[in-house]
Amino acid sequence: MSTTTTRGVASPAPAKAAGARPRRRLRGSRTFNFWLFTSPFLIGLIVFVYVPIGWSLYLSFFEARFTVTPSDFVGLGNYREVLSDTGFMGALGTFTVFAAFIVPTTWAVSLGLALLVNRLRFMRAFYRSVFFLPTACSYVAASLIWKMSLFNGVRFGLANTVLGLFGVDNIAWLANPDPPWYWLVIITARLWLQSGFYMILFLAALQNIPQELYEAAAIDGAKRGWQTFRHITLPQLRATSTAVILLLLVAAYQAFDEFFNLLSKTTWGRPPLVELYYTALGQDQNYGKGSAGAVVLTVLICVVTLFQGKIMGFGRGEESK
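K.L.:
Please set out the overall build of the chain residue by residue, giving values where relevant.
P.N.:
Looking only at helices and strands, the chain features 13 helices and two strands. Looking at the chain residue by residue over its 321 residues, the buried ones come to 33%. By sequence separation, contacts in the chain at least 24 residues apart represent 65% of the contacts at least 6 residues apart. Here the chain displays about 20,100 Å² of accessible surface, and carbon together with sulfur accounts for 66% of that area.

Set out below in structure tokens:
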């Protein structure tokens, strides 16, 4: 081994090519670690998401009653049947109206909570946690609380107890479709469950707005309040608002748990997923028709979200807005 001498002290010569191999080994280990940690999730995604979606699309073209391995090809017969089903089409129409109401309402409530929390100077973390906490609650548990405690149809329910103090008779919130008081129960439950999550998204976006914009507006004479909110805050929240509305639209059409648990087996007020649930798992167990309905619902969600994203400019660069 060659050595170099410095002031009479022998020392080994530095290795020139020794550093290349560890880097190559490190790069290879990173790739191995990446697939090691992501492969379980990727396998689960394929097995539990993509395979069921593909199989559902396959079943939609077959006569599949009481079996998931059909042999009778019917083409678009299931689609014609589901599009002529008054129950399913009525559920789509009803929930289009429901989405048109619950989406802007949740957006406004979430943004209002975010603005209030963002203005706090003390205990901000506490109030942020309090408003976000309902997000961790199960939709099933919340539905049972709303049904059995808050909006119970008898006089022991909290809502009827409060109304009774003002001389109002008991209201059957969930037992009578006329008037449709059940919408009040469902909407309040959904607002309580999901507003905190979207509040966190808005709060993160508010904290990323440069304070220099507000300082410049104050120098130009803009008043704090509505003027700064309209001309600075709201435009800066455009990307977040678009993402929130897209998520709310998809969640509205995918509503299931609260409707299934609040309305039980009633034939009115069913969302599309509950209607498909009884189609596929009811007495007929028509998996072909249920799968066709799921495909129709998926296409409808994609069309609505793409149309809404096109209107709000989702995915466009700042220069094209």
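K.L.:
Quick rundown of a nonpolar patch on the surface? Include the residues and the values.
P.N.:
Together, Phe34, Trp35, Leu42, Ile43, Leu45, Ile46, Val47, Phe48, Val49, Tyr50, Val51 and Ile53 make up a nonpolar patch on the protein surface, roughly 1,200 Å² of accessible area in all. In this structure, Phe34 sits in helix α1 (residues 20-59).

K.L.:
Provide a residue-level description of the packing of helix α3 (residues 86-119) against helix α12 (residues 272-281), including the pertinent values.
P.N.:
Their axes nearest at 8 Å, the elements α3 and α12 cross at an angle of 160°. Considered as vectors, α3 and α12 are oriented roughly antiparallel to each other. Here the hand of the crossing between α3 and α12 comes out right-handed. Along its contact with α3, which presents Gly87, Phe88, Ala91, Leu92 and Phe95, the element α12 presents Pro272, Glu275 and Leu276. Among the residues making up the contact of α3 with α12, the classes are represented as six nonpolar, one polar and one charged.

K.L.:
Kindly report on the pattern of salt bridges, identifying the contributing residues and their values.
P.N.:
Considering all chains together, one arrives at four salt bridges under this definition. The residue Arg65 makes a salt bridge to Glu63 at a minimum N-O spacing of 2.7 Å. The exposure class assigned to Arg65 is partly exposed, which follows from its relative accessible area of 35%. For the salt bridge of Glu81 with Lys289, the shortest nitrogen-to-oxygen distance reads 4.0 Å. Of this pair, Glu81 sits in helix α2 (residues 77-83) while Lys289 sits in helix α13 (residues 287-312); the two residues are 208 residues apart in sequence, bridging distant segments of the chain. A residue is classified by how much of its surface remains accessible, and Glu81, at 30% relative accessible area, is partly exposed. Judged by its relative accessible area of 13%, Lys289 falls in the buried class.

K.L.:
Report on the nonpolar core, specifying residues and quantitative values.
P.N.:
The biggest cluster of nonpolar side chains holds 56 residues, and the ones touching the most others in it are Phe98 and Phe259. No other element matches helix α7 (residues 182-207), which puts 13 residues into this core. In contact with Phe259, not counting residues within four places along its chain, are Phe95, Phe98, Trp183, Ile186, Ser264, Gly269, Pro271 and Val274.

K.L.:
Lay out unusual backbone geometry in plain terms, naming residues and giving numbers.
P.N.:
Across the chain, the bulk of peptide bonds are trans and the bulk of non-glycine residues have phi less than zero. In this chain, Asp178 is followed by Pro179 through a cis amide linkage whose omega measures 0°. Assignment of secondary structure puts Pro179 in the loop between α6 (158-165) and α7. Here the phi dihedral of Phe66 falls at roughly 60°; this positive angle occurs in a residue that is not glycine. Its place among the elements puts Phe66 in the loop between α1 and α2. Despite not being glycine, Met123 has its phi angle at roughly 55°, a positive value. Looking at the element boundaries, Met123 is found in the loop between α3 and α4 (124-132).

K.L.:
If you had to explain the environment of Leu116 to someone new, which residues and values would you point to?
P.N.:
Following the sequence through the fold, Leu116 ends up in helix α3. By relative accessible area, Leu116 is classed as exposed at 58%. For the pair Leu116 and Arg128, spaced twelve residues apart in the sequence, the C-alpha separation amounts to 9.9 Å.

K.L.:
Give me the lowdown on the packing of aromatic side chains, citing residues and values where you can.
P.N.:
What the rule picks out here adds up to 24 aromatic pairs. Measuring from ring centre to ring centre gives 5.7 Å for Phe98 and Phe259, while their planes differ by 90°; the resulting arrangement is edge-to-face. Note that Phe98 is positioned in helix α3 and Phe259 in helix α11 (residues 257-262), a separation of 161 residues in sequence. Per residue, the accessibility class of Phe98 equals that of Phe259, and both read buried. Through a chain of ring-to-ring contacts, the aromatic side chains of Phe95, Phe98, Tyr182, Trp183 and Phe259 assemble into a single cluster.

K.L.:
Kindly report on helix α9 (residues 226-236), identifying the contributing residues and their values.
P.N.:
Those residues of α9 that sit buried are Thr228, Phe229, Ile232 and Thr233. Projected down its long axis, α9 carries its buried residues within an arc of 120°, all on one side. Exposed side chains of α9 directed beyond 90 degrees from the buried face belong to Trp226 and His231. Looking at the buried residues of α9, the elements they touch are α3, α7 and α8 (211-219).

K.L.:
With reference to specific residues and values, describe the side chain of Arg190.
P.N.:
Turning to its location among the elements, Arg190 is positioned in helix α7. If sequence neighbours within four positions are ignored, Arg190 has contacts with Phe98, Ile102, Tyr139, Ser195, Ala251, Ala252, Ala255 and Glu258.

K.L.:
Mind laying out the packing of α3 against α4, listing which residues take part and the relevant values?
P.N.:
If you want to describe how two helices pack, look at the angle between their axes and the distance between the axes. Contact pair α3 / α4: the axes reach a minimum separation of 9 Å and the direction vectors enclose 160°. Between α3 and α4, the crossing angle belongs to the class labelled roughly antiparallel. Relative to α4, the crossing made by α3 is right-handed. Here Leu113, Val117 and Asn118 of α3 lie close against α4, whose contacting residues are Arg124, Arg128 and Phe131. Per-class residue counts for the contact of α3 with α4 are three nonpolar, one polar and two charged.

Definitions and cut-offs
Residues numbered from 1 in each chain as written. Predicted model: local features only at pLDDT ≥ 70, side-chain atom pairs only at ≥ 80, totals over all residues. Heavy atoms only, no water. Helix = DSSP H or I, 4+ residues; strand = E, 2+ residues; numbered from the N terminus. Buried < 20%, exposed > 50% of the residue type's maximum accessible area, 1.4 Å probe, protein only. Contact = heavy atoms within 4.5 Å. Areas by Shrake-Rupley, 256 points an atom, 1.4 Å probe, with all protein chains shown as cover. Patch = residues over 30% accessible without salt bridge, like charges linked within 9 Å, V, L, I, M, F, W, Y side chains within 5 Å. Salt bridge = Lys/Arg side-chain N within 4 Å of Asp/Glu carboxyl O. Axes fitted to C-alpha atoms, helices over the stretch in contact; angles between N-to-C directions. Parallel < 35°, antiparallel > 145°, perpendicular 65-115°, else oblique. Left-handed = near helix turned anticlockwise from the far one by under 90°. Nonpolar A, V, L, I, M, F, W, Y, C, P; charged D, E, K, R; others polar. Core = buried A, V, L, I, M, F, W, Y, C linked by side-chain atoms within 4.5 Å. Phe/Tyr/Trp six-rings, centres within 6.5 Å; stacked < 30°, edge-to-face > 60°. Arc of directions from axis to C-beta.

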